[in-house]
Amino acid sequence: MRTRLGEHVRERLGGFAVVAPSIAQAAVGAGLAWTIAVNLLGHPHPFFAPIAVLIGLGVGLGQRLRRVAELVVGVSLGVGVGDLLVSWIGSGPWQIALVVALAMTTAVLLDGGALFVGQAGSSAVLVAALVPGDGSGGLDRMLDALTGGLVAIAAVALLPASPFYLAARHASTVLDALSTVLERAAQAIESRDADLAAEALEEGRGTQHAIEEFQQALATGKEIATISPLHWHRRARLARYERAAVPMDHALRNSRVLARRTLAALGEADPPSPALAESLREVSEAALLLHLELAAGREPELARQALTAVAARQRPERLGFSADVIVAQLRSIVVDLMLATGAAPEEAGAALAPLDSPARGTDRPEGPREGGAR
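Below is a short write-up of the structure. (Residues numbered from 1 in each chain as written. Predicted model: local features only at pLDDT ≥ 70, side-chain atom pairs only at ≥ 80, totals over all residues. Heavy atoms only, no water.)

### Considerations on the nonpolar core
Here is step 1: By size, the foremost hydrophobic cluster in this structure holds 55 residues, and its most contacted members are Phe214, Tyr241, Met248, Val283 and Leu337.
Here is step 2: Only α7 (163–191), α8 (194–205), α9 (208–227), α10 (235–265), α11 (274–295), α12 (301–313) and α13 (321–340) provide two or more residues apiece to this core.
Here is step 3: Ranked by the residues each element gives to this core, the list is headed by α7, at twelve residues.
Here is step 4: Ignoring any residue separated from it by four or fewer positions in sequence, one finds leucine 337 in contact with Leu175, Leu178, Ala251, Val283, Ala287, Leu290 and Leu307. (Core = buried A, V, L, I, M, F, W, Y, C linked by side-chain atoms within 4.5 Å. Buried < 20%, exposed > 50% of the residue type's maximum accessible area, 1.4 Å probe, protein only. Helix = DSSP H or I, 4+ residues; strand = E, 2+ residues; numbered from the N terminus. Contact = heavy atoms within 4.5 Å.)

Structure, rendered in structure tokens:
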């Protein structure tokens with residue numbers, strides 16, 4: 001019980017450590033936006049300014065520049081529609097319903113995103129329900145939103161989270177998941193344990209969210225590295241992760257096919273040879289080595305060498321249908337990871353041992369492929 005509680009506390013603290021920089025950005029930015037709007041613009045109650053900062057920054061990953069732009073335009077649209085109608089029809093339940101409907105309809109017709117439409121509607125509500133008679137005009141509230149948006153951009157530039165850390169942390173999750181699937185599949189083949197193969201398949205099926213979060217972290221990191229002069233020098237290191245993102249996705253997809261076929265193979269009369277397990281384990285270790293080299297900011301030469309050694313040995317050997325499919329998928333994963341190290345498609349394909357005979361049929365991978373036939 002104490003162990004589980006301790007693990008839960010550590011997870012919570014680890015999660016807080018990730019979002020702490022964003023919380024600091026939001027807190028400092030909200031106070032600064034209010035101060036600017038009050039002291040420089042002379043607005044007595046500029047609540048749109050800190051709200052714009054909070055929505056623009058958030059506490060997670062995302063496209064902040066687009067979010068800030070949608071916020072400012074959405075608030076301006078909602079305020080404009082709200083001020084115009086409230087001055088004619090007054091404020092009340094049906095007036096609020098009409099103002100919100102018109103503001104959101106206008107936003108949708110302008111092809112706005114979800115944030116744009118939502119901000120248009122919520123801003124119209126605030127104008128119609130809360131702020132009539134407060135002495136502020138629509139232009140003042142638009143300026144408040146613009147002030148908050150600019151402060152949010154400045155906070156990203158001057159108080160940024162590390163774009164390299166964001167990418168490295170999420171890439172680690174992806175490569176750890178890939179390594180785990182391959183390791184469990186290897187253990188299943190060695191022990192001829194279908195339960196372990198089922199665990200490998202279940203692990204593989206739960207990995208797609210990891211690659212999606214990695215891609216989102218890359219988008220955020222690239223944005224920070226573009227805005228913030230403090231992180232311009234990290235662009236080259238971040239580019240290695242951008243180069244690796246798509247091949248890593250393909251490798252995860254192929255690992256799911258491999259795990260599924262491993263489970264099927266263990267139910268056949270001739271299960272895969274234990275020697276195949278060793279190759280799976282070598283590729284698993286190469287995935288972890290790739291993570292370590294990328295996290296260190298180095299070109300992953302050692303991972304590429306390890307993958308090249310495996311690629312030179314693996315070829316279909318008429319081991320049985322399922323075993324042949326496992327080998328074919330393993331060859332694909334090796335090429336995917338070589339591409340992730342920065343190898344050219346021609347180099348990655350040439351590293352594979354040549355096929356001595358026509359392939360006998362394989363499962364198709366679960367996504368688009370690169371680099372030609374494996």
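### Topic: the packing of α10 against α11
Here is step 1: As a packed pair, α10 and α11 sit with axes 12 Å apart at the nearest point and diverge in direction by 160°. As judged from the angle between their axes, α10 and α11 are roughly antiparallel. With respect to the hand of their crossing, α10 and α11 are arranged in left-handed fashion. Across the interface between the two elements, Arg237, Arg240, Tyr241 and Leu258 of α10 pack against Leu280, Leu294 and Ala295 of α11.
Here is step 2: Here the residues of the contact of α10 with α11 are counted per class, giving five nonpolar, no polar and two charged. (Axes fitted to C-alpha atoms, helices over the stretch in contact; angles between N-to-C directions. Parallel < 35°, antiparallel > 145°, perpendicular 65-115°, else oblique. Left-handed = near helix turned anticlockwise from the far one by under 90°. Nonpolar A, V, L, I, M, F, W, Y, C, P; charged D, E, K, R; others polar.)

### Focus on a nonpolar patch on the surface
Here is step 1: On the surface, Leu40, Leu41, Leu139, Leu143, Leu146 and Leu150 cluster together into a nonpolar patch covering about 570 Å² of accessible area.
Here is step 2: Within the secondary structure layout, leucine 146 lies in helix α6 (residues 138–158). (Patch = residues over 30% accessible without salt bridge, like charges linked within 9 Å, V, L, I, M, F, W, Y side chains within 5 Å. Areas by Shrake-Rupley, 256 points an atom, 1.4 Å probe, with all protein chains shown as cover. Salt bridge = Lys/Arg side-chain N within 4 Å of Asp/Glu carboxyl O.)

### Re the packing of α11 against α12
Here is step 1: Between α11 and α12, the least distance of the axes is 8 Å, while the angle of their chain directions is 160°. Relative to α12, the element α11 is oriented roughly antiparallel. By crossing handedness, the relation of α11 to α12 is classed as left-handed. Touching Ser279, Glu282, Val283, Ala286, Leu289, Leu290 and Glu293 of α11 are Glu301, Leu302, Ala303, Ala306, Leu307, Val310 and Arg313, all from α12.

### Considering the environment of leucine 98
Here is step 1: Inspection of the secondary structure puts leucine 98 in helix α4 (residues 93–109).
Here is step 2: Leucine 98 sits 16 residues away from glycine 82 along the chain, and the two C-alpha atoms are 9.5 Å apart.

### Considering α8
Here is step 1: Taking 1.5 Å of rise per residue, twelve residues should cover 16 Å, and α8 covers 16 Å from first to last C-alpha, within 8% of that figure.
Here is step 2: Of all the residues in α8, the buried ones are Leu196, Ala197, Ala200, Leu201 and Gly204. Looking straight down α8, one finds that the buried residues subtend no more than 145° of arc, so they occupy a single side. Exposed residues lying more than 90 degrees from the buried face of α8 are Asp195, Glu202 and Arg205.
Here is step 3: Looking at where α8 begins, the residue whose side-chain oxygen comes 2.8 Å from the main-chain nitrogen of aspartate 195 is aspartate 193. (Expected span 1.5 Å × (residues − 1). Arc of directions from axis to C-beta. Polar contact = N/O pair within 3.5 Å; in protein donor to acceptor, adjacent residues only side chain to side chain.)

### Considering unusual backbone geometry
Here is step 1: Located in the positive-phi region is arginine 192, a residue other than glycine, with phi close to 55°.
Here is step 2: Inspection of the secondary structure puts arginine 192 in the loop between α7 and α8.
Here is step 3: By relative accessible area, arginine 192 is classed as exposed at 56%.

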